[in-house]
Each structure stands twice: as C-alpha cells, then as structure tokens.
Amino acid sequence: MNLLIARRALLGLVAVLASACASFAPPAERPPIVFVHGNGDSAALWLTTLWRFESNGWPRARLHAVDMPRPLARNDDAVAQDGRSSSAEQANFLAAEVDKLRQRTGAAKVVLVGNSRGGNAIRAYIANGGDKFVSHAVLGGTPNHGVWAHQGFLPGSEFNGTGPFLKAMNAPKGPNGDEVTPGVKWLTLRSDGNDKFAQPDGVWIGQPGVATHVTADGPALKGALNLVLPGLDHREVSYHRQAFAKTYEFITGAAPVTEAFRPETQVVLDGLVSGLGAGAQTNLPLAGATVEVYAVNSASGERQGSALHRKLIGADGRWGPFTTGPQVHLEFVLAAPSYDTLHVYRQPFPRSSSVVNLRAERLAAADKTAAAVLNFVRPRGYFGLPRDVVSFDGINPAPGVPQGVAGVAGSKLVLREGAGRTVLAQFNNERLAARAWPAGEGHTVTLELSD
C-alpha cells in the first residue's frame, strides 16, 4: 500500500513538473508585452504584474511598461489643455514605444495590455495601422462604451460613449460587424458591478442622481473574449493576481505555474521621478530633485542608520539603481525645489524593478498648519467597504473610505498634534508603519501598499 501511495505521489509530481515545463516555454518564444497604464497613472502600477510574469519565466527584457508623459485626458479630446493629452497623442506615443521594443527584441509582433484609459490608446493604435504589429490585446476596465453615454456632460471627452472618439472606435468592423479591429485577438476583463467607472449613476463623475446610460458590462466588446472578475474593482481587473492569471492564459493558452512572486536574493530598484506640470500630474522627469533611501524598522518606521542611497536627479529623471535585499522595509525621501519633502514608506520588494516611480507633492494650504499629514494609498486597487479591512492610525474604517462600490485609492490623515510619532496602517492582512513628519516644516508622508 505504501509503495502504491509513493508511486501515485511520484506520478503527481511528474505531472506538476510537466505542466510547469509546458508553461515555461523557451524565452525566445515569449512575445514582448507592452503595458499601458490608465488616466493620470504611471508605469509603476504594473509593478506586481511584471513580477508575476517574470516569476513564470518571462524574460524581463521582453516586458515593458510605458510612462505616458501627460497621462491625464483632456476635457474635450479635440481642444488643447495644459498638462493633458489627447487620445491621438497617447496612441502616437504608444506606437513609438512598440517600435522601439520590436527593434530591441527583433519580434514581429507584440502583446498590448492596458488598464482603463490605456485601453483607449491601444484601441486607437491598433485601429490606425498597429494591427500589423500586435498579436493580442488585453483591456482591463477600459470604458469601451463610455464612463457616461449622453451629450449632457463633456460631449467631446474620449470617455463619453456618444462622443467622437468612442463612436469611431465602436463602429462596426469586419464581416461580423465587430467593435474590435480584425486580425488581433482581444480580451476584455471587467467587474460584475464594483467598477466605479461602469455605474448607472453619475456619482463617481460628480453627477450624482444623473443616469450615465452605462452598465457593468460597458467594458465588453463585440468580437472580443469578454470575462467577468467578480467583486474586483476598476484597477484590480488589470492589476490583481486573478487578472494576471486570465491575461497569462489568454496569451499562452496555459494557466501560469504560480501567481506568487519568486523572491530574488539581490534586488535592484530604479524608477522615474516626476512632478506637476500646469497643475496636472505628469510623468515628465523632475531634474534637480534629490532622492534618499533608508532602511526602516517594520514596526515603527524608525530609520536604521544613515541613507543607503542618495542621488541628484538628472535630465532622465531616474533615481536609481539601488541594490537592497528582499526583506528590507524602505523609506524613500523625495525633495525638490518648490515642492514639499515627500516621505514614502514601502514594504519589502521581493524582486527587482525599474518602475518604482516617485511623484513630488505639495501640501494643500490648509494642511500646512497641521502637525502632520499622512496618506495611506493603494495604487493597484481601491479600498471598498465592507469588502476590505482598512484601518489608519487606529481609525476603522480609515478616513474618507466610503461604503459600497470600491472607489477611493487613498485615505488622508491630518494630525493636529503628535508629529514625530509612529502611525500604523492596515489593509486586510498587509500592514505598514511610518513616522509622522512635521507638516509645518514642509513634510508630507505616504504609506504605499504594493499589492
């Protein structure tokens, strides 16, 4: 009997190894993938997705997350607006990034993966000749039929389902009248009702009580494989491990071996330092800024010694490279002329990354009289109640996190006293500790979740 059990166990192990080998195709056969972030975001949001692809054998050199220079959309796509970009500018930038990746890798075609507005750029690029260079396109949470679909609000916006951009994108194509460009394999990923930008009421666009004429299936497209990820929010349908698994299987035809991160013994970090342009968030380099990195105590946020890394930012905006270990909790300090000093507390990085981006910030005038101002943020998803446990400095739920649809990615804590003490934050099973640096001396603090 023991021999039979042992034989079955061995056969099971062989099956697992065979599955792993099938999934880990030779690196040369892995198509390059370009990841495109959403409105106002940066390449940094793809951090964990990149780790998951790498942990399944995808060569790091064949994974590229773009930083759109001016990631915020115009109010009217056809009218120039300071610090913002048109749909055409986004698509043109993407085209140049695809060309560079194809030249570097020698690949004839790439895979495009986008979140939210990133899907608009992907669709526009493919529709205007990019189909020759793309094998697969994955759109997570992209408002393909609009965030709203009526002419009573921003009629020229690329997010208006009845506006010029989306009407052109959704016009019938091919013999079946599809909404997607033929010749490319398409996948859409969407929520079942927890996406703040696929809601029947306009509350999330500042139009409470006004019908949007959009439903939860707004991101679906005729001609695509349309999948629902129940309970996930607008960002999670791209950045969550479930979204990764569906994307990986769509590209390869097999499930990933793991959805976890395979730790590296030596971790090399780098990223882009950016700021504000014409009052809008940008991904343009912030030359002249200074970045320092400290190891900190995981329970208190206290620094453990002097700075491990310091760099004056040059024209390329890069703050690294910086080498650390996979179990070190870090504090990043970003100082720049005309900005407040930003302290960002992060959990350990299990793997290397070149998209650990930092954006300079300015305190609101009303906050300069506070003892300290701290922000607890989740870039790759939103906080939702009662779905999540979100606690900030013992306040549960954290300030500013509403019940219902998951729609806010941060909680702001304004302390009237107690600068210099430890502040703790918790999101489900993840915990962070930071120091409350004094706002009156021009400091602001961010506790940033990784997953």
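What you see is a predicted model; the values in this text were computed from it and never measured. (Residues numbered from 1 in each chain as written. Predicted model: local features only at pLDDT ≥ 70, side-chain atom pairs only at ≥ 80, totals over all residues. Heavy atoms only, no water.)

Enquirer: Tell me about the overall build of the chain, and name the residues and values.
Expert: When you go through the chain residue by residue, the secondary structure sums to seven helices and 23 strands. Along the first, second and third principal axes, the C-alpha set of the chain runs to 75 × 65 × 45 Å. Counting the 451 residues in the chain, one finds 55% classified as buried. A fraction of 69% describes how many contacts in the chain between residues 6 or more apart in sequence connect residues 24 or more apart. Element-wise, carbon and sulfur atoms account for 56% of the exposed surface of the chain, whose accessible area totals about 18400 Å². (Helix = DSSP H or I, 4+ residues; strand = E, 2+ residues; numbered from the N terminus. Buried < 20%, exposed > 50% of the residue type's maximum accessible area, 1.4 Å probe, protein only. Contact = heavy atoms within 4.5 Å. Areas by Shrake-Rupley, 256 points an atom, 1.4 Å probe, with all protein chains shown as cover.)

Enquirer: Please set out the sheet that holds strand 18 (residues 372-377) residue by residue, giving values where relevant.
Expert: Here seven strands make up an open sheet; going across it, the order is 13-12-15-16-23-18-20 and the pairing mixed. Whereas interior strands pair on both sides, the edge strands pair on one side only; in this sheet they are strand 13 (309-312) and strand 20 (410-415). Here the strands of the sheet are splayed against their neighbours by 15° on average, with no regard to which way each runs. Two strands pair when backbone bridges link them, and strand 18 and strand 20 are joined in this way by six bridges, in the antiparallel orientation. Residue pairing for strand 20: Val-377 is matched across the bridge by Gly-410. (Pairing = 2+ DSSP bridges. Axes fitted to C-alpha atoms, helices over the stretch in contact; angles between N-to-C directions.)

Enquirer: Give me empty space enclosed by the protein: which residues, what numbers.
Expert: Applying the stated rule across the entire model yields five cavities of 30 Å³ or more. The space that makes up the largest cavity amounts to roughly 60 Å³. For the lining of the largest cavity, the secondary structure elements donating two or more residues are strand 3 (110-115), strand 4 (134-140), helix 6 (236-239) and helix 7 (241-252). For the lining of the largest cavity, the leading source of residues is helix 7, giving three residues. A class-by-class count of the residues in the lining of the largest cavity yields seven nonpolar, five polar and no charged. (1 Å grid on protein atoms, 1.4 Å probe; cavity = no way out; pocket = protein on both sides within 12 Å on 5 of 7 lines; lining within 4 Å. Points joined across faces, edges and corners; volume = space filled by probe spheres on them. Nonpolar A, V, L, I, M, F, W, Y, C, P; charged D, E, K, R; others polar.)

Enquirer: So what about the pairing of strand 23 (residues 443-448)? Which residues, and what values?
Expert: Of all six residues making up strand 23, six are buried, and the element is well covered by its neighbours. The side-chain alternation of strand 23 yields two buried faces, one formed by His-443, Val-445 and Leu-447 and the other by Thr-444, Thr-446 and Glu-448. Where strand 18 meets strand 23, four bridges bridge the pair, whose relative direction is parallel. Following the sheet pairing, Val-377 is matched in strand 23 by Glu-448.

Enquirer: I'd like a description of the packing of aromatic side chains, backed by residues and values.
Expert: Evaluated as defined, the whole model comprises 16 aromatic pairs. Relative to Phe-427, the ring of Phe-383 has its centre 5.6 Å away and its plane inclined at 45°; by these criteria the two rings are tilted. One end of the pair, Phe-383, is in the loop between strand 18 and strand 19 (390-392); the other, Phe-427, is in strand 21 (residues 422-427), and 44 residues separate them in sequence. The same class applies to Phe-383 as to Phe-427, namely buried. Counting every residue linked through ring pairs, the aromatic cluster contains Phe-35, Trp-46, Phe-53, Trp-58, Tyr-239, Phe-244 and Tyr-248. (Phe/Tyr/Trp six-rings, centres within 6.5 Å; stacked < 30°, edge-to-face > 60°.)

Enquirer: Kindly report on the side chain of Asn-56, identifying the contributing residues and their values.
Expert: Mapped onto the elements of the fold, Asn-56 is located in the loop between helix 2 (47-55) and strand 2 (63-65). Exposure remark for Asn-56: the relative accessible area of 0% places this residue in the buried category. A distance of 2.8 Å separates a polar side-chain atom of Asn-56 from the backbone oxygen of Arg-52. In terms of polar contacts, Asn-56 uses its side chain to reach the backbone carbonyl oxygen of Thr-258, at 2.8 Å. (Polar contact = N/O pair within 3.5 Å; in protein donor to acceptor, adjacent residues only side chain to side chain.)

Enquirer: Give a description of the confidence of the model for the chain that names residues and reports values.
Expert: Across the chain, pLDDT averages 94, with 94% of residues at or above 70. When the criterion is pLDDT under 50, residues 1-24 qualifies, and its contacts beyond four places in sequence or with other chains add up to twelve contacts. (pLDDT = per-residue confidence, 0-100.)

Enquirer: Account for the sheet that holds strand 10 (residues 273-277), naming residues and giving values.
Expert: With respect to topology, three strands assemble into an open sheet ordered 11-10-17, the strand pairing being mixed. Each having just a single partner strand, strand 11 (280-285) and strand 17 (358-359) make up the two edges of the open sheet. One ladder, built from two bridges, connects strand 10 with strand 17; its direction is parallel. Each bridged residue has a counterpart across the sheet, and for Val-273 the counterpart in strand 17 is Leu-358.

Enquirer: Describe the pattern of salt bridges, with residues and values.
Expert: As enumerated under the stated definition, the model contains 24 salt bridges in all. Between Glu-259 and Arg-241 there is a salt bridge, and its shortest N-O distance comes to 3.2 Å. With Glu-259 in the loop between helix 7 and strand 9 (267-269) and Arg-241 in helix 7, this pair connects stretches of sequence that are 18 residues apart. Under the relative-accessibility criterion, Glu-259 is labelled partly exposed at 30%. The partly exposed category is assigned to Arg-241, whose relative accessible area is 39%. (Salt bridge = Lys/Arg side-chain N within 4 Å of Asp/Glu carboxyl O.)

Enquirer: Quick one: what's the story with the packing of helix 3 (residues 87-105) against helix 4 (residues 117-127), residue by residue and with numbers?
Expert: At a closest axis distance of 8 Å, the pairing of helix 3 and helix 4 adopts a crossing angle of 75°. By the angle between their directions, the pair helix 3 and helix 4 is classed as roughly perpendicular. Seen from helix 3, the contacting residues are Ser-87, Gln-90, Ala-91, Leu-94, Ala-95 and Val-98; seen from helix 4, they are Arg-117, Ala-121, Ile-122, Ala-124 and Tyr-125. A breakdown of the residues in the contact of helix 3 with helix 4 according to their chemical character gives eight nonpolar, two polar and one charged. (Parallel < 35°, antiparallel > 145°, perpendicular 65-115°, else oblique.)

Enquirer: Can you tell me about the layout of surface pockets, naming the residues and giving the values?
Expert: If you add up the space inside the largest pocket, you get close to 1300 Å³. If you list the elements that add at least two residues to the lining of the largest pocket, you get strand 10, strand 16 (341-346), strand 17, strand 18 and strand 23. When the residues that make up the lining of the largest pocket are grouped by side-chain class, the tally is 23 nonpolar, 16 polar and ten charged. When its volume is computed, the second largest pocket comes out at roughly 480 Å³. If you trace the second largest pocket, you find 25 residues lining it, with His-64, Ala-65, Arg-318, Ser-354 and Val-355 closest to the centre. Secondary-structure elements contributing two or more residues to the lining of the second largest pocket are helix 2, strand 2, helix 3, strand 9 and strand 11. With four residues, helix 2 is the single largest residue contributor to the lining of the second largest pocket. When grouped by side-chain class, the residues that make up the lining of the second largest pocket number 13 nonpolar, five polar and seven charged.

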